[in-house]
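Coordinate inspection notes
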Amino acid sequence: MPGTFPGEMAATSEEYRRWFHLMKDVGFNAIRTYTLHFPRFYDELLKFNEENPTNPLYLLQGVWLDEDLPHGNFFSFSSAFDADIQEVIDCMHGNKSIPERPGRAYGNYTTNISHWILGYIIGREIHPPEVFLTNESNSTFNNYNGTVFGIANGDPIECWFTQRLDKMVLYERQKYKVERPVSISS
């Protein structure tokens, strides 16, 4: 919203409702979010899609990668980012309550919109110094052989992202008995 910071996610339910109808009117069938939004976004998306069963809006849901990486190295942030990934998946299935926290969405996520999730996109624009430091600090991590995804002879940062995607697909598969396309943003 104009005049607010991105982390405020200040749009109201009414604004989301209006925007979804405008998107439909111009022919959109999918939208992308970079991060988890407040529950009102998903509540309104569900209402809109239930009112428009032949022309719903599908969602490419993002999982934001914090920019304040400990030691500037992605590997030092693995467990925290894995927890963020699981949190987003649980929220999409209407199965999460998040206490208030500054600069990030929170609330009771009880609306299951997983039927309209096209896929997940993790990450953000990665800065060259982050790539360099991550690769230099983890130079021996050049392969990852996961259950769903693997990579051979990759850069450490490529292996790190491959491992995150592998864990993401496995988490949703094991907990919710579904899997969908995943990707990274960079």
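Let me sum up the structure you'll find in this document. Keep in mind the model is a prediction, meaning the values are calculated, not measured. (Residues numbered from 1 in each chain as written. Predicted model: local features only at pLDDT ≥ 70, side-chain atom pairs only at ≥ 80, totals over all residues. Heavy atoms only, no water.)

1. A short note on the pattern of salt bridges
The condition that has to hold: Salt bridges are identified by distance alone: a Lys or Arg side-chain nitrogen within 4 Å of an Asp or Glu carboxyl oxygen. Numbering of helices and strands runs from the N terminus; a helix is a DSSP stretch of H or I covering at least four residues, while a strand is a stretch of E covering at least two. To sort residues, take the accessible area from a 1.4 Å probe on protein chains only and compare it with the maximum for the residue type: under 20% means buried, over 50% means exposed, and anything in between is partly exposed.
All chains considered together, the criterion is met by 11 salt bridges. Across the pair Arg 104 and Glu 87 runs a salt bridge whose closest N-O atoms are separated by 3.9 Å. With Arg 104 in the loop between strand S3 (96-98) and strand S4 (107-109) and Glu 87 in helix H3 (residues 78-92), the pair connects residues that are 17 residues apart, well separated along the chain. We classify Arg 104 as partly exposed; its relative accessible area is 29%. Of the charged contacts, one joins Arg 124 and Glu 130 as a salt bridge, the two residues approaching to 2.7 Å between their closest N and O atoms. If you follow the salt bridges from partner to partner, you end up with Asp 84, Glu 87, Arg 101 and Arg 104 in one network.

2. Considering the packing of aromatic side chains
The geometry of an aromatic ring pair is captured by the separation of the ring centres together with the interplanar angle, meaning the angle of the planes. Applied cut-off: Aromatic pairing here means that ring centres of Phe, Tyr or Trp (its six-membered ring) are within 6.5 Å. Orientation follows from the plane angle: under 30 degrees is stacked, over 60 is edge-to-face, and everything else is tilted. Note on criteria: charge over ring means Lys NZ or Arg CZ within 6 Å of the ring centre, with the direction from the centre no more than 35 degrees off the ring normal.
By the definition in use, this model includes 14 aromatic pairs. A ring pair is formed by Tyr 16 and Trp 19, whose centres lie 5.8 Å apart and whose planes are at 85°; its orientation type is edge-to-face. On the criterion of helical spacing, the pair formed by Tyr 16 and Trp 19 is a turn pair, its members being three residues apart in helix H1 (residues 13-25). Overall, the relative accessible area of 4% leaves Tyr 16 in the buried class. In this structure an aromatic cluster arises from ring pairing among Tyr 16, Trp 19, Phe 20, Phe 41, Tyr 42, Phe 48 and Tyr 109. The residue whose ring lies beneath Arg 32 is Tyr 34, and the NZ or CZ to ring-centre distance is 3.9 Å.

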